[in-house]
Structures are given as structure tokens and as C-alpha cells.
Amino acid sequence: MTPVAPARSRSLADLWNDIGVRKMVFQAALLACVIAVAVLLWWNASGNIARRGLEVGFAFLHRTANFAIGESMIPYSPADTYARALLAGLSNTVVIAFFGCLLTTVFGVLFGVLRLSPNPSLSRLVGVYVEIGRNVPLLLQLFFWYSLCTRLSGPRQAISPLPGVFLSNRGLRLPSFVANDGLFFAVLGLVVAGIAWLALQWWARRVQERTGRRPHILAWGLTVLALAPLAGLQLAASPIAIDVPELRGFNFVGGQELSPEFAALLFGLVFYTTAFVTEIVRGGIQSVPKGQWEAARALGLPARRIMRLVILPQAMRTIIPPLASQYINLTKNSSLAVAIGFPDLINISNTVINQTGQALEVIFIFMGCYLTLNLTISALMNRLNAAFAMKGH
Amino acid sequence: MAAKLYAWSWAEAVFHGDAAACRAASGACWAFIADKLDFFIFGFVPEEAHWRVVLALCLIGALIAASLYRAFWGRSLLLAWVALLVFTALFLQGSAFGLTPAPLRTWSGLVVTVWIAVVALATAYPLGLILALGRLSQMRVVRLLSIAWIELVRGVPLISILFLASIMVPLFLPEGVELEVLVRAQVGFTIFGSAYLAEIFRAGLQSVPQGQSEGASSLALTRWQTLRLVILPQALKAVIPAQVNTFIMIFKDTSLVLVIGVFDLLGTFKASLSDPAWLGFSTEAYVAGAIFYFAVCFGMSLYSRHLETALSREHRK
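Since this is a predicted model, take the numbers as computed values, not measurements.

The rules behind each value
- Residues numbered from 1 in each chain as written.
- Chains lettered and ligands numbered in written order.
- Predicted model: local features only at pLDDT ≥ 70, side-chain atom pairs only at ≥ 80, totals over all residues.
- Heavy atoms only, no water.
- Helix = DSSP H or I, 4+ residues; strand = E, 2+ residues; numbered from the N terminus.
- Buried < 20%, exposed > 50% of the residue type's maximum accessible area, 1.4 Å probe, protein only.
- Contact = heavy atoms within 4.5 Å.
- Areas by Shrake-Rupley, 256 points an atom, 1.4 Å probe, with all protein chains shown as cover.
- Lys, Arg positive; Asp, Glu negative; His and termini not counted.
- Charge placed at Lys NZ, Arg CZ, Asp CG, Glu CD.
- Salt bridge = Lys/Arg side-chain N within 4 Å of Asp/Glu carboxyl O.
- Patch = residues over 30% accessible without salt bridge, like charges linked within 9 Å, V, L, I, M, F, W, Y side chains within 5 Å.
- Expected span 1.5 Å × (residues − 1).
- Buried area = accessible area lost by both parts, 1.4 Å probe.
- Polar contact = N/O pair within 3.5 Å; in protein donor to acceptor, adjacent residues only side chain to side chain.
- Nonpolar A, V, L, I, M, F, W, Y, C, P; charged D, E, K, R; others polar.
- Phe/Tyr/Trp six-rings, centres within 6.5 Å; stacked < 30°, edge-to-face > 60°.
- Lys NZ or Arg CZ within 6 Å of the ring centre and 35° of its normal.
- pLDDT = per-residue confidence, 0-100.
- Disulfide = S-S within 2.5 Å.
- Core = buried A, V, L, I, M, F, W, Y, C linked by side-chain atoms within 4.5 Å.
- 1 Å grid on protein atoms, 1.4 Å probe; cavity = no way out; pocket = protein on both sides within 12 Å on 5 of 7 lines; lining within 4 Å.
- Points joined across faces, edges and corners; volume = space filled by probe spheres on them.
- Pairing = 2+ DSSP bridges.
- Axes fitted to C-alpha atoms, helices over the stretch in contact; angles between N-to-C directions.

What about the overall build of chain A?
Across its full length, chain A holds 13 helices and seven strands. Projecting the C-alpha coordinates of chain A onto the three principal axes gives extents of approximately 85 × 65 × 45 Å. Looking at the 393 residues of chain A, the share that counts as buried comes to 38%. Nonlocal contacts in chain A, meaning residues at least 24 apart in sequence, comprise 66% of its contacts between residues at least 6 apart. Within the structure as shown, chain A displays about 21900 Å² of accessible surface, and the carbon and sulfur contribution to it stands at 67%. Charged side chains of chain A number 31 positive and 16 negative; the gap between the two group centres comes to 12 Å.

Following this line, the structure appears as C-alpha cells:
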């Protein structure tokens, strides 16, 4: 609250009139209340735990879980411990959150720019999508996408939007890389190319600062980026293998499978959150003063480069803080996986609670995990924000 | 694409009839929604109590409509809301008035969605205000406790708060005391809503210039009077659009009670899908549900936009 001068009343004792004393008394009383409530709750809880014959402590984490998990990003089997099961759930949550944030950013920026398109039907179409996406509960959207996913036809009549990509009621099948020497050298080549690209940019900036003219490095950069992985492949004894799924019998063989649950959850989260990000990006672009557009146009820059070089970097300052909270929302919303049966952290925690009865400990663990994830996201986004902040002000 | 959508949803859709008629047609099966409408609204509430649900929903609707007019904003509206909520809680359960009892665990469908949303707002609003004042207080203990509450709640998913409420609350209650799952869900929503509203109120409180409280104290207003008569009216008015957005968020999130076993509107939609007489019409059910939620939330956001322009016009005067 904004500080307010103390009211004077002479009818009370001097001590009571001393605002400092009064504050101390109030705080002490509040603290005592909070502690009393906590003690009372703890007392009730320990009584209930004793009566139900429950165990206390984290020892259960080392016991064998004895339940299977549909899909996991880390190797897991029912013979593993509860700790491993929770870790598998956490890995699923992290993977969903990571890809969700990535795709949301890509589509959010795209739709945010399209929302401001001079083509009225295009911008209105995006507007309709934004309103539907924002105003329908995420859980309902997830149920909808999930029911669509499971009602798709079987593998034999799978939809194939791209060659090698199959959408069926078994989920999504994508081509995958097979890890061998070739993959290692290709990745090595890519890393080398990345370093070379950064060096080229640094050199170009130096030249630009000295002469005012920026050398054309794009062609060189693309050449290096394309050739280095190929050179890596040439070096390797075995060329890179891409595992393309194909229909054999009643199901697909090869490639990477994404379950219907994963596909529905990822799609639903992206569909929902992108609606919010689109509005954030639109607001950010509109917050850049009109004079910036006009000045850039006066310099003869083409529209796409105005957007990329002048407008978006400035819009980023307005975009990043709310974007960070959308990333956090997406991560938290990934917990809705429990409703459609994707084994995320909450879903697995629920199973663990049902099996062990140790609700207190498991809830403590998953709340700690979410708090850590969210703090990590906001720390990363704060650093990004600092990078885009106005310098020299 | 648009033509296909039109054909599915209107031209070739079935509005009357049974499942066989629907399967024969190629369009949407709205007859399914019409057949289940009673179930969506009343859920498992006993037949004899349906009229009370209708009456309660009408009263709540009327008071919401009255609350939209700024001329009514004031203490009497607040009292009307408290009175209505207490009355509805007793009236719907029925035993206090000698009516056929409809215990809390039979409540389901639309009435649960409306009830949870309204009660969550009614309880989270004052609590959020206290938390916001606490967060800005100069007393360290008060401030730290408020910050801990707000940040903890905002840092974890709503589902985990609902789990906390449904699993932990029974553990913390003394022996023999039991709370209905609906009440536990409400406790969860109060905790959840209070933290989000508190951050909005904080923004509002911080937007009131320092001079306002200085001016008030130079008029010899007490701290309480300054807060009630000078600071709060300005602070709350400054963040009305953000408040409405939080209301929308809470309303949408009421659908999550499904996860801890409360049958809200979405719950009845989902339950209706497993009726053996009407298998395979999930798209229609979800589209109908989406239309309902969309209408309410979009209506609220239109209202928020209207308020925003009306208030800024007033501000400029």
C-alpha cells in the first residue's frame, strides 16, 4: 500500500499510538496465527497418517514402481524405482513444454504478422482463429483434438500430408535419423559451420564499422552451412541413414512414433497458446511508433527487411515479458495431459500417490519441479530481455 | 472449406430424430445435443429439484445482468450477491426449506460450472485484495507471507492445486470431518483466483499517485477511510479490463474440476459420449460445448473492451 500518515487519536495509550509498536504487535500476532494454523494442520495430518497406517518420508522413492509407462523420453521399465518413474514423467513434461514453446513462438510470430496483413480477409481469418482459440477452455480443445486423433482411420488408410509422414489412429509417424558415424560427423560439420557463420558475421560487422559498407556474406554463409555437413558425411565410413516409416502388415515399421496422446496434447497446447502469442506479437508490432516505418521506407528498405531489421527488434522489447508468461502458462497447462492420458509428471505422480499413499511427499516433489521449471524459464527470458533492452539509456 | 462446414453443420445436419436418423445423414447430429440438453443443464440433480436449478440460474443470471450496469455498482449490489449466494446454496440443497433434498454430490452440469465460477470470484476477490495490500505493506512479515502465497500459487499448475485440495485437504482435517469434493474444488479455486487477482490489484494500487493518499491525510481522513474512499475506488477502476480477463480465465478453468471427479458442464458432455444409444458423436458434443464457452467468454471480453473505451473516455473528460 502507499504509505499513509498515521492517524492521531489521543484517547488511547501512548504506546498504542506509536505506529511502530502497533506494527510489531500486528505482525507478531499474524505470525503467531500462521504458526498456530500450521501446527494444527500438522497435528491433524500426523494423526490421520498414523490412523491410516501410512508411511512418512522419501524412502518409497527407492522401491520398485511396478507399473508401466506408455511412453517415456528416458529408458524406463516397471522394474525401475518410483524415483525413475517420476523422472520419466518430468522428462515427458519437459519435452512437451520445449516443443510447445518452440512451435508456439514460430506460429505466434507468423500469425501476429499476418494479423496485421493489408489483406482484410487474411487478417480477419487470423482474428477469428484468435478469438476461438482464446475463448474455448483448453481442456475442451484437448478432448476435441484427442477424439479426432483416435477417430482417424487405421494405418492402412493413413493420411500422409508429406512423404514419409503418416497420420493414423496409432498417432503420428515421422522419419527419423539413425544414429551412426555418419550422423556424428554431420552434426560435427554443422557445429563447425555454425562457428564459421558467427565468425563471418563478426568479420562483416568489423568491415561495416570501418567502411560503412557491409560485405555480402549470405551466399558464403549458406555455402559453408550446406557443405560442412556434407564434408562430414564424406569423411564418415558409412553415410547417414534416414529411417522412413513404411506400412508392413497392419502397422508401420521404422521411423519415430508419436502417440495420439502426445500429438493431441502438443497440438492442443500450441493451438491454444498461439492464439495468445499472436495477440502479443500484434500488440508489440503496433507499439513501434509509425515514424520508424516511415523512416525505414524513406531509406529505401523493402517491406520485409523493415519488418525484420527495424520493427521486430524494437517490438521484441514489448513482446518478451508477456511471451515469458505465456511460456510459463504453456508449461503449467501441459499438466492437462492427465485428462487425456499422456504420462506427464502429474499423471505419473497421481499413479504413484495411488500406489504408495504418500500424497504429501509426491505433491511436494511435483510442485517443486514446476516451480523450478518456471523459474528457469523466467530466468532465461530475463536474460533474453536484457539482450534486447535499449542500450546506453 | 466454408461450403463443407456449412453443409456439415446446417444443410445436411439432423436436428430431430434418433441416432439411426443421424447415422443415415452425412451432416452433424444436433439431435444428440437436443436429446441430452436436460442432462447438460441438470446432470444428476434429482428430477423434483430441477425447477430450483432453473430458478437459481435465472436469479444468478439476473444479478449478473444487473452487475453489468455501472449505475448499480455499490454496496447494495455487494450485499445482494452475498445474500443470493447464501440463499442459492441452501435453496438448491433444499433441506433447509423442507424441500426434496438435492445434496451437493448430486450437483452437476451447467449449475456446477456457474456455481464454482461465481463462488470462486466472490471469495477470491476479497482475499486477493487483502493479499495485494499485504504485498505492498511496509510490514515485513505481512509482505513476505503475501509474496510467498502469491508466487507459490502462480508458479504451479491449477491441476496441482486441485489435487492438493482433493487429496491433501482430507488429510489436514480433524478426524470425522469430511468435505464434499465440490467444496474442496471451490477451496482450490479460491486459492488459485486470489493469487492471480492479487497481482492485478497490486498493479491498480501502484497506479494511484502518491499525492492521493497525501491529500487524503491532509483532510484528516484515517488510514482506513483513505483506503476505502480514496485509494481503492481509483485502483480498482484502473484495472477493470484486467479483472474481466481474469474472470474469463477462471470461468474457462472451471472445466478442470473434471479431473478431480466433479461433474461440471464439460463433465456432462464427456459423460454423454458413453451413452450406448448415441455412440460416435463426440465432435458434435465438443463443438456444442465450445460454442457455449465461446459465447460466454467472448461476451465477457466484448464487455471488457466496452468498459475500457467507456472508462478512458471518462478519464479524458
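Re the pattern of salt bridges
Residue and element names in this part refer to chain B. What the rule picks out here adds up to eight salt bridges over all chains. One salt bridge connects Asp275 with Lys36, and the closest N-O pair in it is separated by 2.6 Å. Residue Asp275 is located in the loop between helix H13 (265-272) and helix H14 (282-316), and its partner Lys36 is located in helix H3 (residues 30-42); the two are separated by 239 residues in the primary sequence. Each member of the pair, Asp275 as well as Lys36, is classed as buried. Arg202 is the partner of Glu199 in a salt bridge, and the nearest nitrogen-oxygen pair spans 3.0 Å. Separated by three residues within a single helix, Glu199 and Arg202 lie in helix H9 (residues 181-207), roughly one turn from each other. Residue class for Glu199 comes out buried when judged on its relative accessible area of 15%. Looking at Arg202, the relative accessible area reads 22%, which means it is partly exposed. One connected set of salt bridges, linked through shared partners, spans Arg135, Glu151, Glu199 and Arg202.

Structural notes on a nonpolar patch on the surface
Residue and element names in this part refer to chain B. A cluster of nonpolar side chains, namely Trp51, Leu55, Leu59, Val82, Val86, Phe87, Leu90 and Phe97, defines an oily patch on the protein surface of about 710 Å² accessible area. Breaking the nonpolar patch down by element, the ones donating at least two residues are helix H4 (50-68) and helix H5 (75-93). For the nonpolar patch, the element with the most residues is H5, which contributes four residues. On the secondary structure map, Val86 appears in helix H5.

Quick look at helix H7 (residues 218-235) of chain A
Over its 18 residues, H7(A) runs 26 Å from end to end, which matches the ideal 26 Å to within 8%, given 1.5 Å per residue. Residues of H7(A) that are buried include every one of A:Gly221, A:Ala228, A:Pro229 and A:Gly232, and no others.

Observations concerning unusual backbone geometry
Not every positive phi belongs to a glycine, and A:Asn66 is a case in point at roughly 65 degrees. Tracing the chain through its elements places A:Asn66 in the loop between helix H2 (19-52) and helix H3 (82-115). Since its relative accessible area comes to 61%, A:Asn66 is described here as exposed. For B:Ala220, which is not a glycine, the phi torsion comes out positive at approximately 70 degrees.

Let's talk about the interface of chain B and chain A
On the chain A side, the residues contacting the 59 residues of chain B number 51 residues. For the chain B and chain A pair, buried surface summed over both sides reaches about 4900 Å², with 71% attributable to carbon and sulfur atoms. Looking at the side of chain B facing chain A, the largest losses of area belong to B:Leu171, B:Phe172 and B:Arg223, adding up to 14% of the total buried there. In this structure, A:Glu131 and B:Arg305 form a salt bridge, with 3.0 Å as the shortest nitrogen-oxygen distance. For the pair chain B and chain A, the interface holds 13 residue pairs in polar contact (both at pLDDT 80 or more). Listing elements by their share of the side of chain B that touches chain A, those giving two or more residues are helix H7 (140-155), helix H8 (158-172), helix H10 (210-218), helix H11 (223-238), helix H12 (240-253), H13 and H14 of chain B. Broken down by element, the side of chain B that touches chain A gets its largest block of residues, 12 residues, from H14(B). For the side of chain B that touches chain A, the residue count by class is 36 nonpolar, 15 polar and eight charged.

Quick look at the packing of aromatic side chains
This model, assessed by the stated rule, comprises 32 aromatic pairs over all chains. Seen in terms of ring centroids, B:Phe32 and B:Trp278 are 5.5 Å apart; in terms of plane orientation they differ by 35 degrees. Their pairing is tilted. On the criterion of sequence distance, the pair formed by B:Phe32 in helix H3 and B:Trp278 in the loop between H13 and H14 is long-range, its members being 246 residues apart. Accessibility expressed as a relative area gives 0% for B:Phe32, which makes it buried. Given a relative accessible area of 6%, B:Trp278 falls into the buried group. A ring pair is formed by B:Trp107 and B:Trp115, whose centres lie 5.5 Å apart and whose planes are at 85 degrees; its orientation type is edge-to-face. When the ring centre of B:Tyr196 is taken as reference, the NZ or CZ atom of B:Arg154 above it lies at 5.2 Å. Positioned above the aromatic ring of A:Phe143, the side-chain terminus of B:Lys270 is 4.7 Å from the ring centre.

So, the confidence of the model for chain B
Confidence in the prediction for chain B averages 86 pLDDT; 99% of positions are at 70 or higher. Interface confidence in the predicted complex, given as ipTM, is 0.88; pTM for the same model is 0.84.

With respect to the environment of A:Ser72
Residue and element names in this part refer to chain A. For Ser72, the location among the structural elements is in the loop between H2 and H3. By relative accessible area, Ser72 is classed as partly exposed at 26%. When the C-alpha atoms of Ser72 and Glu261 are compared, they prove to be 12 Å apart, with 189 residues separating the residues in sequence. In this structure Ser72 touches Ala88, Ser91 and Asn92, once residues within four positions along its chain are discounted. Separated by 2.5 Å, the side chain of Ser72 and the backbone oxygen of Ile74 make a polar contact.

Focus: the state of the cysteines
All names here are of chain B. Counted according to the given criterion, the structure contains one disulfide over all chains. Cys22 shares a disulfide with Cys29; S-S distance 2.0 Å. With the S-S bond torsion at 70 degrees, the cross-link from Cys22 to Cys29 turns out right-handed. Cys29 carries the same exposure label as Cys22, and that label is buried.

Brief notes about the nonpolar core
Counting residues in hydrophobic clusters, the biggest one holds 147 residues, and the most contacted among them are A:Phe67 and B:Phe189. Considering every element that reaches this core, the biggest residue donor is helix H10 (residues 303-333) of chain A, with 12 residues. Once you skip the residues sitting within four places of it in the chain, B:Phe189 turns out to touch B:Ile116, B:Ala120, B:Leu158, B:Leu162, B:Ile250, B:Asp253, B:Thr254 and B:Val257.

Let's talk about the side chain of A:Asn48
Inspection of the secondary structure puts A:Asn48 in helix H2. A:Asn48 has contacts with B:Pro170, B:Leu171, B:Phe172, B:Leu173 and B:Glu175, leaving out every residue within four places of it along the chain.

Examining empty space enclosed by the protein
Using the criterion set out here, one finds one cavity of 30 Å³ or more in the structure. A volume near 40 Å³ is recorded for the largest cavity. Split into classes, the residues belonging to the lining of the largest cavity amount to seven nonpolar, no polar and one charged.

Notes on the sheet that holds strand E1 (residues 166-168) of chain A
Within a sheet, neighbouring strands are paired by backbone hydrogen bonds and run either parallel or antiparallel to one another. All names here are of chain A. Read across the open sheet, the three strands follow the order E1-E2-E7; overall the sheet is antiparallel. Looking along the sheet, the strands with just one partner apiece sit at the ends: E1 and strand E7 (256-258). Averaged over all pairs of adjacent strands, the angle between their axes in this sheet comes to 20 degrees, without regard to strand direction. Bridging between E1 and strand E2 (residues 171-174) involves three bridges; their strand directions are antiparallel. Residue pairing for E2: Ser168 is matched across the bridge by Gly171.

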